[in-house]
Amino acid sequence: MKSGKQIRRIVIVGGGSAGWMSAAALSNALGNSANITLIESEAIGTVGVGEATIPPIRKFNQRLGISEADFVRATQGSFKLGIEFAGWTKEGESYFHPFGHYGADFDAHVPFHHYWLSDHIHGRSAGPLDDYSICYAASKSGRFAHPNRDPRQVQSRLDYAYHFDATRYAAFLRTYAEARGVTRLEARVTDVALDPENGHILNVSLDNNQSIEGDLFLDCTGFIGVLIEGAMKTGYEDWSRWLPCNRAVAIPSESKGEPLPYTRSTCREAGWQWRIPLQHRTGNGYVYCDRFSTAEKAEQVLRDNLDGAPLADAKHLRFLTGRRNKFWKKNCVAVGLSAGFMEPLESTSLHLIQFAIMRLLTLFPDTEMSPLLAEEYNRLTVAEYERIRDFLVLHYIANERDEPFWKEMAALEVSESLQFKIDHFRENGVISLDGRELFGKPSWLAVLIGQGVFPKRAPGLSGRAAERGIPVSTRFAQVKDAITVATDTMPTHAEAIRNLIGNN
Ligand SMILES: Cc1cc2nc3c(=O)[nH]c(=O)nc-3n(C[C@H](O)[C@H](O)[C@H](O)COP(=O)(O)OP(=O)(O)OC[C@H]3O[C@@H](n4cnc5c(N)ncnc54)[C@H](O)[C@@H]3O)c2cc1C
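None of these values were measured; they are calculated from a predicted model.

Undergrad: I keep staring at the UniProt feature "binding site: 7-chloro-L-tryptophan" (unreviewed entry) in the chain and nothing clicks. Help me out?
TA: UniProt's entry tags K80 with the feature "binding site: 7-chloro-L-tryptophan" (unreviewed entry), counted in the numbering of this structure. Here K80 is to be found in strand β3 (residues 78–80). Judged by relative accessible area, which is 0%, K80 ranks as buried. Aside from chain neighbours lying at most four places away, what touches K80 is A52, T53, F99, D159, Y160, A161, Y162, H163, P261, T263 and S347.

Listed below in structure tokens is the structure:
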């Protein structure tokens, strides 16, 4: 390897969402200053799930110059305003994690949710937190509209993501990337040659006897991690003590009625079931722990709980929650499932792909591969993974369900970092974030309150509203009214999709 020259040859192994998102973003960012080759094997195939997202995905598409209409049309996509969690505290109860913000900021010194917490603690009449979310209101009435840019309008508090067909998204990005010069090779990587001097990857051998050299290699091979684990022996940090679900079964089904503008996650005996509404079908799956259910039982539970006719055979998947010890090692960067996997509860995997690509572009190396770049990349990525892990674990711990799996989860010893957050909220109503967290205060609030974790006392100045002359109950009523009026004028979700993409 020559030292300190620009990287000219990038090899991406794997053509799932991670591979094609990487190929699209790198070809867009690097133009013709680098040759990008993507190797994928149809015989191996992709994981084929991964259909719900969180709002930052919009930025990914925007950076690539992809229009929302083209994207939603190509992927049979729909809009997502949040996630409903059914049965996560106890059977028959549910709560909603909306995107966007609650209420409206009517006091420069006190955030809206402090007033709501104060009201709740003092047993007054503000009603459920959900009443102050425009995403919740729109979801429950099956409506959708884009956020309003005027901060005085309650619709400015709305945020959204998408549901989409993951296979179509990869195909869409493939067309995009190939149009920008990415070369695709249909082959299987059978061997990886390392430089004996510095341990960098020199080339990969393919089952068609070709050998592909590169300066930088992206491992997008899924759980197996052909480069990052197979060749670089990075090691894996197992998180199953916190996130024990290790299997999933997925079955798409026919759509019933108009698509809902939100994902539904419903508790089942040994895990939870997802329901993701697309234009042309509904994605369903059951994520479970194999210590509490067999694969046959899980498939039956899923089949019994489909709300439309199945459209394909069941797909069974195994995984181990956790992360690679290093995401970037030498000249190899793991992107996607090869880097790690938590579980799809908050639709974070595609986001982690986006995050990995953007971070790589920010810290883009030259052929010298300064180890400090990898060190910084790994530091930031570990922090991102751990924060997401804690947020996911929060969903499980405060449940009052009777099944053995759920009892085990309720008794879980959580990480110190999560315990810290819970303690601060319970004691003083403080949501303690470090400022760069993917899930902001409204998300933590939604899940803490949704799971029945309440503070002992109201935070900050919220208890002094009367002395400070803030008519809180009037403001609460105004916010609710504004949400109702704004929601009533929105088109239905199906109309909003049609308005965007036309009828074809
Ligand atoms: C049950 C489940 C539900 C999920 N739901 C969501 C969700 O709702 N939202 C979300 O954001 N994410 C979700 N995910 C995660 C999401 O599916 C993945 O992050 C995403 O699909 C990226 O996968 P990938 O491209 O890393 O791997 P894969 O899709 O597995 O692709 C791997 C690629 O590598 C290729 N390959 C492997 N070995 C070789 C080799 N030796 N030679 C050549 N090519 C090779 C394969 O052919 C394939 O093209 C879910 C995951 C699971 C398991």
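Undergrad: What am I meant to see in the site of the ligand here?
TA: Not every one of the 34 residues close to the ligand is listed here, only the nearest: S41, V49, A52, V189 and L350. Note that an oxygen atom of the ligand is positioned 3.2 Å from one of the backbone N or O atoms of G45. C220 has a polar backbone atom sitting 3.3 Å from an oxygen atom of the ligand. A total of 1,000 Å² of accessible area belongs to the ligand in isolation, and the protein chains cover 97% of it. Every element with two or more residues in the shell around the ligand is listed here: α1 (17–30) and α9 (349–362). Partitioned by chemical class, the residues of the shell around the ligand number 18 nonpolar, 13 polar and 3 charged. Three or more residues apiece are contributed to the shell around the ligand by two domains, here domain 1 (9–51 + 165–241 + 320–383) and domain 3 (247–318).

Undergrad: Help me understand the sheet that holds strand β12 (residues 236–238) in this model?
TA: Sheet strands associate in pairs through backbone hydrogen bonding, adopting either a parallel or an antiparallel arrangement. The strand order across the open sheet built from 3 strands is β12-β18-β21, with neighbouring strands paired in antiparallel fashion. Of all strands in the sheet, those bounded by a partner on one side alone are β12 and β21 (340–341). Relative to β21, strand β18 (residues 322–324) is paired through 2 bridges, and the arrangement is antiparallel. For R323, the partnering residue across the bridge sits in β21 and is G340.

Undergrad: Please clarify how the pattern of salt bridges should be interpreted in this entry.
TA: It is possible for side chains bearing opposite charge to pair when their charged atoms get close. This model, assessed by the stated rule, comprises 35 salt bridges. For R184, the salt bridge identified is with E42, shortest N-O distance 3.2 Å. Taken as a pair, R184 in strand β7 (residues 183–186) and E42 in the loop between β2 (35–40) and α2 (57–63) lie far apart in primary sequence, 142 residues in all. The salt bridge involving K456 is made with E427; its shortest N-O contact spans 2.8 Å. Here K456, found in the loop between α13 (441–450) and α14 (472–488), pairs with E427, found in helix α12 (residues 416–428); they are 29 residues apart in sequence, far enough to count as distant. According to the relative accessible area criterion, K456 is exposed, its value standing at 57%. Given the relative accessible area of 30%, E427 is considered partly exposed. Each of E40, E42, R184 and E186 takes part in one network of salt bridges that share partners.

Undergrad: Just to check I follow, could you spell out the nonpolar core for this structure?
TA: The nonpolar side chains of a soluble globular protein tend to be buried with one another. Counting 149 residues, the largest nonpolar core has I39, V204 and Y396 as its most contacted members. Those residues in contact with Y396 that sit more than four places away from it in its chain are W88, L243, C245, W272, E343, L345, F405, W406, M409 and A410. Listed in part, the 11 residues of the second largest apolar core include V249, Y286, Y288 and L302.

Undergrad: It is not clear to me how the packing of aromatic side chains should be interpreted in this structure. Could you clarify?
TA: Two measures describe an aromatic ring pair: the distance that separates the ring centres and the angle between the ring planes. For the coordinates displayed, the defined rule picks out 33 aromatic pairs. Geometrically, the ring pair formed by F79 and Y162 is tilted, given 6.1 Å between the ring centres and 40° between the ring planes. Here F79 is found in strand β3, whereas its partner Y162 is found in strand β6 (residues 161–163), with 83 residues between them in sequence. Exposure remark for F79: the relative accessible area of 0% places this residue in the buried category.

Rules of the game
Residues numbered from 1 in each chain as written. Predicted model: local features only at pLDDT ≥ 70, side-chain atom pairs only at ≥ 80, totals over all residues. Heavy atoms only, no water. UniProt positions renumbered as here; feature names shortened; annotations may be inferred. Helix = DSSP H or I, 4+ residues; strand = E, 2+ residues; numbered from the N terminus. Buried < 20%, exposed > 50% of the residue type's maximum accessible area, 1.4 Å probe, protein only. Contact = heavy atoms within 4.5 Å. Near = heavy atom within 4 Å. Polar contact = N/O pair within 3.5 Å; in protein donor to acceptor, adjacent residues only side chain to side chain. Areas by Shrake-Rupley, 256 points an atom, 1.4 Å probe, with all protein chains shown as cover. Nonpolar A, V, L, I, M, F, W, Y, C, P; charged D, E, K, R; others polar. Domains from an automatic or database assignment. Pairing = 2+ DSSP bridges. Salt bridge = Lys/Arg side-chain N within 4 Å of Asp/Glu carboxyl O. Core = buried A, V, L, I, M, F, W, Y, C linked by side-chain atoms within 4.5 Å. Phe/Tyr/Trp six-rings, centres within 6.5 Å; stacked < 30°, edge-to-face > 60°.

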